[in-house]
Structure formats: structure tokens, C-alpha cells
Amino acid sequence: MTEPATARPAGRTTELDERLAAYKGVWVYIEMERGHVHPVSWELIGEGRKLADRLGVEVWGVILAAPSPANQVAAAEAFAHGADGVYLMEDPILADYRTVPYNHGLCAVVNQFKPEILLVGATTLGRDLASAVATTLFTGLTADCTGLAIDMDTRSMAATRPTFGGSLLCTIHTLKARPQMATVRPRVMAMPPRVAGKTGQIINVPLAMREEDVITKVLDYILDRDSNEAQLAFADFIVAGGRGLGKVENFRLVTDLAAVLGAEVGGTRPLVQGGWIGADRQIGQTGKTIRPKLYIAAGISGAIQHRVGVEGADCIVAINSDPNAPIFDFAHYALVGDAVKILPVLTEAFRARLAAHRKSI
Amino acid sequence: MHVVVCIKQVPDSAQIRVHPVTNTIMRQGVPTIINPYDLFALEEALRLKDKLGAKVTVLTMGPPMADQALRKALTFGCDEAILLSDRAFAGSDTLATSYALASAITKIGQSQPVDIVFCGKQTIDGDTAQVGPGIATRLNLQQLTYVSKIVSIDQAAREIVVHRRAEGGVQVLKTSMPCLITMLEDTNHIRFGTMDDAFRAARYELTKWTATDAGVPDVSQCGLRGSPTVVKKVFAPTAKTVKATPITGDSMEAQAKSLIDTIFAAHPGIQEDLENSAAANSQGAQS
């Protein structure tokens, strides 16, 4: 296996030893699975670009995949979204995601080219891989970050994430090991603008592994028929409910408004735990992060765990009977009142308004 | 066959409160539970006990009071329970935690080799999903995360086939034991234990291991010292300086109308999108 890149942290000083100070640049793992790049990769290149500019270094992507022309396309997309270069590791062993060869490959690139920061999407693949890589390299990994910044005094990355089940935020640094690693959930960071025609450097790196040495085999891949997840994360209009709806029968009021708006429906963690809605419709830190144009939250108090999942929405409307509910701290428009009473009225108002438009054309 | 289930005692997140002035967690009086995600790991392990006669050892790292979580696990029918507790572990991040747990699992394997290590998908207090893969990497176990189903186990060939949740699909993976499985949520239901198990759990003498007992080779890799991540600050999110604009009206109807007017004025794009989709729907209805 790959040798650890860093010595164990011996004490807790902020001095970075010379060997680790040689680690330069911000990297983004470009998640390719079955020929497709997960869009979180581009969101992270946008975020990585900001960190790199602050540090005065470059941002590079890393692609691990089976040999395919699709990889060149992915590299070109990385450049268009702001990457300066791409490390490309192509090998038939990498056709399907498996922890051991991907961990081996990514660690090998890190040990050879030494980045100071490595960002990975917090997908099922990314969390699996990032955990293995951080353990192999004996470095720090901060999961599900909602904010990334640079502390210029130490040149270290300040990774902010919700903690204690989402009731507080904390900022975490990795001071004595490199690379500093973080995962970020899809849709938490904004998609950077795409600049067509931008170019960059590609450096090919070999995997140096044999299939015989990989114990885990992929027998099959069963595609999901239902893709609710993508619909919620990428929906432009979302109506969601929380405990303030009182009882499960009232969730229909959310569904009714959503139907008039052509919106997706979602809910908070307690609703999932109570069996009102499926886990794939949960919005928040442990559910889906959304970035719709319009988000209507009915009977949701707005705990941090929910807040971090919806703050990217362009327009947030909150309906809550408690005028001091935390949701009014980050919503744009407040309707103070009982969601169970207001929702049907709002549904009718939207229906009438949109029907009027329909007649006028 | 021998399986080890790693569990964690966590505060019941539904009952956590933050002190409004000091922004610290008010832990006093908050009940603790077994991390809910770990229950799926426990049940899957117990099914291997039912089907294949596997011995189930449950392991936790935590303060002395974490023995309650182990005793609860015993009431479900687990065979052995080990509490890994030492001041040296205090302040461990996920890297240091996986080191301590991996050391303990190695020690457990000395009395009877371990075939499968089970973990929950993640914990509800840390939500990192990093400790399971960390243990697998350290012990060189085949790593199977987000497992939704164990399809088959061939004890003679020491092979296992599982379904693993991926983005947009399910991987069917075949690998060799020993392996580490993190179970996906909602994949099974934790059983009610038998009366015999309840009596046994009450009388059971827990094994308590310090770092030395667990054969931890290098204590400097544990706890705060062994943790590369440093928590610099814990804080409550700042309220936006601009609070939500209140939408008022004489009646709920007036309120609703005012809301729609306000949104459409501020976001012409939203109005356009909604009107276009309404128009598309009406055309669809006419045709």
C-alpha cells in the first residue's frame, strides 16, 4: 500500500514542519462514476478557486477512471469551471468504484504531487474514498462543510460545519498534517460560471496496480428507476412542511400547494422519523441540500440542521405561528400564523393568480 | 463465525438545547441512546447469529457511562460486550477514534478471529461517516459502506455478496472476509430481545478495557494528541442583520395576495417560470 505522506502529529503546535510546508496547491477530486461527472465536482472547483486565489496557488482536479474519451471531456469541463490543470489516472481497474484501488490511486497522486488542500464531494462515493485516503495519509478530514476559508496567519483552511446534531457550528483546522481534507455536500456551494474554451494542463499518472490484487469485485450495477433525489436537489420550486403542521393528515396541504406551483415537496427530519415522508424527501444537513428559486417552508422552526440545507435558495418564504422562530432569521418573507390555516388560502391565491394569467394569453 | 459491532452512545439529539447566552450545549439531563444508525448494524449482525450461529461481540468507546448502551445491546441478544474507556481517548477525532477501535478489534480477534465488523452509516452527533472506513483502512479489511442488503455469505469460501448504495444506483459487490460493513438506515428493524436476554444483560459482567488492556500500541496516536483536526471555535450562527420581511394583511386572503405580489415584484424570474409552467399545463389540458 501507499506509504503515509505525513508523520503523526507529535504535539499540538501550529508550526508546520518543512516537509509538510512543501505541500502546495488546492485540489478537487472530480468524481466520475460510470462515465458521468457528479456536478458537486464543479461546485468544489468554484470553491477551490476562491481558496487558491487567497493562497496564491493553483487549483487542480484529479480524475480516476477507466480509459475513455469521456475523461478528456471531463478535464475540459474542469478547465471551463476554473481548474488550472488536471491529474488524470486511467486504468481499466478503475472502471467501477472500489475503495482499495481508488484509495491506492488517489494517495499515490497526492504523495507524488503534494497538495495542501484536497476537497471531495460528500456523496456515497466521496465519503467512502475520502475517509480511506485521510486514514492512509494520517491527515485531518472534516465532513460536510458548509463554509471554507483560509486563515492567512497559518495558511490553514478553516472548515466550518454543523455540530452536535446541527444545533451549533464549529470551525475546524488541520494544522500538523497535509493535505487538509474536507468533504462538502452537493448543492451547498454555488455552481461557478462556465467559461467555454478555457484550457489547462493534463498530467497523466499511472495506477500501478493489478486486478489480481483487488479482492472486491463488482458483479452488477442496478440503476435506480426512481430519481427523486436529483429532483429535490435540482428543483426550482419546493414546498416543505415541519412539525408545525400538527398531524400527518395536514401534510396534504403542502402537497396541494406544490401541485399548483409545479413544485417538489419535502420535509424536516422529524417528519421523516415520524414516517410522514420518505427519507429521500428530507431537507437539511442530514437530508438534501437544495438551491431552488422559491422555497416555501410551512410549520418549520428552522433549526441549524434545516437552515444549512436551504440557505442557498433565492427566495425563502416561512410560515410559522411563532414570531420568534429561528426560521425568520434567514427567511426572506415571513407569514406569521398557523400554517394549517394559511396554506389552503395561499394555494387558492396562487391558483387564481396563475389561472388569470392562463386566460390572458 | 465471529462478528463485531461498533456502536456509540449519543445524546438524544431531539432533546439537545443550546444555552441562549453562552452558546454551549446543555448536556445535563439530556438522555442518551444508542446511535440510531447503529441499530441497523446490530440487527444485521444478530441475523447472522440466527442464520449462521455467529458470535456477536459489541464494542463501544466512550466514558464509563457508555456501559448503558452496551447493556441495551445485550438485551437484543448480543453475546459479548466490551467498553473501551480511558482518559487517553478523550478528545479523539475520527482518525484517533478509528485507531483506538482498530486496536481493540485486533485484540478481540486474538481470542477468536473476526470475520465481519459492522458499523452504522454514521452517528447522529458527529454525522461524519468516517470512523467505519477508518477502521477498515487501518485493519486492511475489505470496505463495504452504505450496505442495503447482505445477499449471501459462503463460509467455506469466506466470500460475501452485498448490495451497496451508490449515487443513482446499487452496486452488487462480492468480496472476501474479513470485511467491514456500514449498514444503511431503514434496511431492517431492531428486534425486541427475549426475556432471557434481558435477564442475562442485567447480570452480565461487562469487559472494560483501558488503552493498555486493549493493547493500543502507541497512546500518542489516541485522544487529542493523536487528532490532526483542531476545533478552533464553536458558535451559534449569526442571525442575518436583515430579518424576514413580514407580510401582513387584514385577512389571510389579503396576506396571501400581498405575498404573491411581493415575490413577483422582487423576483420577476419566479413569476415568469410559474406563469410559463401554468400555461404549459393548460395547453396540455386542452390538447
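Residues numbered from 1 in each chain as written. Chains lettered and ligands numbered in written order. Predicted model: local features only at pLDDT ≥ 70, side-chain atom pairs only at ≥ 80, totals over all residues.

Engineer: Looking at this structure, how should I read the overall build of chain A?
Structural biologist: In terms of helices and strands, chain A carries 10 helices and 18 strands. Taken over C-alpha atoms, the radius of gyration comes to 23 Å for chain A, in line with the 21 Å a tight globule of 361 residues would show. Each principal axis of the C-alpha distribution contributes one length, and for chain A these read about 65 × 45 × 40 Å. Evaluated residue by residue, chain A yields a buried proportion of 57% over its 361 residues. (Helix = DSSP H or I, 4+ residues; strand = E, 2+ residues; numbered from the N terminus. Rg over C-alpha atoms; globule rule 2.2 N^0.38 Å. Buried ≥ 20, exposed ≤ 12 C-beta atoms within 10 Å, placed from the backbone.)

Engineer: Please explain the packing of helix H5 (residues 124-137) of chain A against helix H4 (residues 131-139) of chain B as it appears in this structure.
Structural biologist: Two packed helices can be described by the angle between their axes and the distance between those axes. Close contact between H5 of chain A and H4 of chain B brings their axes to 8 Å; oriented N to C, the two are set at 50°. Put simply, H5 of chain A runs oblique to H4 of chain B. As for the relative orientation of H5 of chain A and H4 of chain B, their crossing is right-handed in sense. Note on element contacts: H4 of chain B touches H5 of chain A through Pro-133, Gly-134, Thr-137 and Arg-138 of chain B, opposite Asp-128, Ser-131, Ala-132, Thr-135 and Thr-136 of chain A. Tallied by class, residues from the contact of H5 of chain A with H4 of chain B come to 2 nonpolar, 5 polar and 2 charged. (Axes fitted to C-alpha atoms, helices over the stretch in contact; angles between N-to-C directions. Parallel < 35°, antiparallel > 145°, perpendicular 65-115°, else oblique. Left-handed = near helix turned anticlockwise from the far one by under 90°. Contact = placed C-beta atoms within 7 Å. Nonpolar A, V, L, I, M, F, W, Y, C, P; charged D, E, K, R; others polar.)

Engineer: Just checking my understanding: could you explain the sheet that holds strand E17 (residues 315-320) of chain A for this structure?
Structural biologist: Strand pairing in a sheet relies on backbone hydrogen bonds. The paired strands run either parallel or antiparallel. Taken together, 6 strands build an open sheet; the order of strands is E15(A)-E14(A)-E16(A)-E17(A)-E18(A)-E15(B) and the sheet is parallel. At either end of the open sheet lies a strand with only one pairing partner, and these are strand E15 (264-267) of chain A together with strand E15 (245-246) of chain B. Contacting strand E14 (237-241), E15 and strand E16 (294-298) of chain A, helix H7 (residues 251-261) of chain A crosses the sheet at an angle of about 170° to E14 of chain A. Each of E17 and strand E18 (333-336) of chain A touches helix H6 (residues 252-266) of chain B; the most contacted strand, E18 of chain A, lies at about 175° to it. (Pairing = 2+ DSSP bridges.)

Engineer: Can you help me understand the confidence of the model for chain A in this one?
Structural biologist: The predicted coordinates of low-pLDDT regions are not to be read in fine detail. Per-chain confidence: chain A averages 91 in pLDDT, with 93% of residues scoring 70 or above. Note on residues 1-13 of chain A: pLDDT is under 50 here. Beyond four places in sequence and across chains, it has 27 contacts. (pLDDT = per-residue confidence, 0-100.)

Engineer: Honestly, the interface of chain B and chain A in this entry has me stumped. Any pointers?
Structural biologist: Often, the extent of an interface is quoted as the loss of accessible area upon association of its parts. Facing the 77 residues of chain B at the interface are 82 residues of chain A. Partitioning the side of chain B that touches chain A into residue classes produces 33 nonpolar, 26 polar and 18 charged. Direction of pairing for E18 of chain A relative to E15 of chain B: parallel, over a ladder of 2 bridges. When the bridges of E15 of chain B are listed, Tyr-333 of chain A appears paired with Thr-245 of chain B.

Engineer: What exactly am I supposed to notice about the pairing of E16 of chain A here?
Structural biologist: On any regular strand, side chains alternate: one points to one face of the sheet, the next to the other face. All names here are of chain A. In terms of burial, E16 is a largely internal element, 5 of the 5 residues being buried. With burial as the criterion, each face of E16 is covered, one bearing Leu-294, Ile-296 and Ala-298 and the other bearing Tyr-295 and Ala-297. Of the pairings in the sheet, the one linking E14 to E16 comprises 5 bridges and is parallel in character. Across the sheet, Phe-237 pairs through a bridge with Leu-294, a residue of E16. Note that E16 and E17 share 5 bridges and pair parallel. Opposite Leu-294, over in E17, you have Cys-315 as the bridge partner. Tracing the backbone out of E16, into helix H9 (residues 304-310) and back to the parallel element E17 gives a crossover that is right-handed. (Right-handed = clockwise from strand over helix to strand, strands pointing away.)

Engineer: Looking at this structure, how should I read the nonpolar core?
Structural biologist: Note on soluble globular proteins: their nonpolar side chains tend to be buried together. Counting 133 residues, the largest nonpolar core has Ile-63 of chain A together with Val-5, Ala-73 and Val-117 of chain B as its most contacted members. Among all residues touching Ala-73 of chain B, those that are not within four sequence positions of it are Ile-7, Ile-34, Leu-42, Val-58, Cys-78 and Ala-81 of chain B. Listed in part, the 53 residues of the second largest apolar core include Leu-253 and Ala-331 of chain A together with Ala-244 and Leu-274 of chain B. (Core = buried A, V, L, I, M, F, W, Y, C linked by C-beta atoms within 7 Å.)

Engineer: Any chance you could explain the packing of helix H4 (residues 99-113) of chain A against H5 of chain A here in plain terms?
Structural biologist: All names here are of chain A. The interhelical angle for the contact between H4 and H5, taken along N-to-C directions, is 55°, at an axis separation of 9 Å. Considering the angle they form, H4 stands oblique to H5. As for how H4 packs across H5, the hand of that crossing is right-handed. In contact with Thr-99, Tyr-102, Asn-103, Leu-106, Cys-107 and Val-110 of H4, H5 contributes Asp-128, Leu-129, Ala-132, Val-133, Thr-136 and Leu-137. Residue composition of the contact of H4 with H5, grouped by class: 8 nonpolar, 3 polar and 1 charged.

Engineer: Hey, could you run me through the sheet that holds strand E13 (residues 217-223) of chain A in this one?
Structural biologist: As summarised here, the arrangement of the 10 strands in space is E13(A)-E11(B)-E10(B)-E9(B)-E12(B)-E8(B)-E1(B)-E6(B)-E7(B)-E13(B), forming an open sheet in which the pairing is mixed. Of all the strands in the sheet, the pair left with one neighbour each is E13 of chain A together with strand E13 (207-209) of chain B. With direction set aside, neighbouring strand axes in the sheet form an average angle of 30°. On top of the sheet, H5 of chain A reaches strand E9 (142-154) and strand E10 (159-166) of chain B; it is set at about 105° to E9 of chain B, its chief contact. Sheet contacts for helix H3 (residues 94-111) of chain B: strand E1 (2-7), strand E6 (55-61), strand E7 (80-84), strand E8 (116-120) and E13 of chain B; angle to E6 of chain B, the most-contacted strand, approximately 150°.

Engineer: When you look at the domain arrangement of chain A in this model, what are you seeing that I'm missing?
Structural biologist: Residues and elements named next belong to chain A. For chain A, the domain assignment lists domain 1 (18-213) and domain 2 (228-360). The distance between the C-alpha centroids of domain 1 and domain 2 comes to 33 Å. Between domain 1 and domain 2, the contact holds 13 residues from the first and 10 residues from the second. Residue composition of the side of domain 1 that touches domain 2, by class: 6 nonpolar, 4 polar and 3 charged. (Domains from an automatic or database assignment.)

Engineer: Which parts of the structure should I look at to understand the domain arrangement of chain B?
Structural biologist: Looking at chain B, the domain boundaries give domain 1 (2-221) and domain 2 (252-286). Summarising the inter-unit geometry, the C-alpha centres of domain 1 of chain B and domain 2 of chain B are found 51 Å apart.

Engineer: I tried to follow the confidence of the model for chain B on my own but got confused; where do I start?
Structural biologist: Of the residues in chain B, 91% have a pLDDT of 70 or more, and the chain-wide mean is 92. With pTM at 0.87, the complex prediction returns an ipTM value of 0.89.

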